[in-house]
Amino acid sequence: MHGVTLDGVVDYAGRTDAAITRDLLMLAGVVAEAIDERWEEVKTAAAVAYARLCPEDLSDRVAPGMVELLDELSARTGDFRLSLVTGNLEPIARLKLGRAGVGRYFEALRGGFGSDDEDRGRLPAIARGRASDPPWPRERTVVIGDTPHDIACARAIGAKAIAIATGRYTRAELAQHAPDFLFDDLGDIEPVLDIFD
């Protein structure tokens, strides 16, 4: 599309697909104006390529206890609204959720996707706005994630941050960003559910 090879190395954990792609294209010498002009084409091509390359089964990538936690929270529809904040472009996110076996929890939800804004910090507010009308109260909003960017997302809207050390960041690394709650994983969901009571 831009006629360049994307072989640079950039930080990707917890960032939006758009920000990662922009960094890679700029490393390859593509100027910002050209990236913006062809962004819709790039998004479409990225979704097509990901669908071709994505493994059929991603269930092994779901954090231990996450399905059980989603089961519990989705059953409490009067008290909670499940929403999703992800840096992935929406078509890529939907494919990943489906292949991970958790898509059913988010089928009717829009959430905040990397398609909505390149800045990950703006996505929680978008997700809150889509969770309910008027927007879901920030003091009742909890962000669960496994990167410092997820903690920063929670801070950006004044929400509680639950960090789980199931990704590339260790418990000690996540602790440096002062989440409100920190777990090794969600293997025991009871302490996590207590946060929502």
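The structure this text deals with has already been given above.
Everything numeric here is computed off the predicted structure, so don't read it as measured data. Counting starts from 1 at the beginning of each chain's written sequence and moves along it residue by residue. Restriction of local features to residues with pLDDT of at least 70 applies here, the model being predicted, together with a cutoff of 80 or more for giving and counting side-chain atom pairs; totals for whole chains, interfaces and linings are based on all residues. With hydrogens and water excluded, all non-hydrogen atoms of the structure serve as input to the side-chain values.

*Asks:* Tell me about the pairing of strand 1 (residues 142-145), residues and numbers included.
*Replies:* Side chains Val-143 and Gly-145 project from strand 1 onto a buried face, and the interleaved Val-142 and Ile-144 project onto a face without burial. Pairing between strands is defined by DSSP: at least two bridges between the two strands are required. Put simply, DSSP marks the helices as runs of H or I at least four residues long and the strands as runs of E at least two long, and each gets a number from the N terminus on. For strand 1 and strand 2 (residues 160-164), the ladder comprises four bridges, and the chain directions are parallel. Residue pairing for strand 2: Val-142 is matched across the bridge by Lys-160. For a crossover, the right-handed case is the one in which the path from the first strand over the helix to the second runs clockwise, viewed with the strands pointing away from the viewer. Taken together, strand 1, helix 7 (residues 148-156) and strand 2 form a β-α-β motif whose crossover is right-handed. Note on exposure labels: buried denotes an accessible area under 20% of the residue type's maximum, exposed denotes more than 50%, and partly exposed covers the range between, all computed with a 1.4 Å probe on protein chains only.

*Asks:* Requested: an account of a negative patch on the surface, with residues and values cited.
*Replies:* Residues Glu-68, Asp-71, Glu-72, Asp-188, Glu-190 and Asp-194 make up a contiguous surface patch of negative charge. Secondary-structure elements contributing two or more residues to the negative patch are helix 4 (66-75) and helix 9 (190-196). Considering each element in turn, the negative patch owes the most residues, three residues, to helix 4. Mapping Glu-190 onto the fold places it in helix 9. Relative accessible area serves as the criterion here: at 47%, Glu-190 is assigned to the partly exposed category. Residues qualify for a patch when their relative accessible area is over 30% and they have no salt bridge, like charges being joined within 9 Å and the nonpolar side chains of Val, Leu, Ile, Met, Phe, Trp and Tyr within 5 Å. All accessibility values rest on the Shrake-Rupley procedure with a 1.4 Å probe; residue burial counts only the protein chains present in the view. Note on definitions: salt bridges are taken to be side-chain nitrogens of Lys or Arg within 4 Å of carboxyl oxygens of Asp or Glu. The charge count includes Lys and Arg as positive and Asp and Glu as negative, but it does not include His or the ends of the chains. In plain terms, the charge of a residue is placed at NZ if it is Lys, CZ if Arg, CG if Asp and CD if Glu.

*Asks:* Explain the environment of Gly-112 residue by residue, including any values.
*Replies:* Take Gly-112: it is sitting in the loop between helix 5 (90-100) and helix 6 (123-131). A relative accessible area of 0% places Gly-112 in the buried class. Separated by 27 residues in the primary sequence, Gly-112 and Val-85 place their C-alpha atoms 4.8 Å from one another.

The quantities given are spatial measurements derived from coordinates; they are silent on function.
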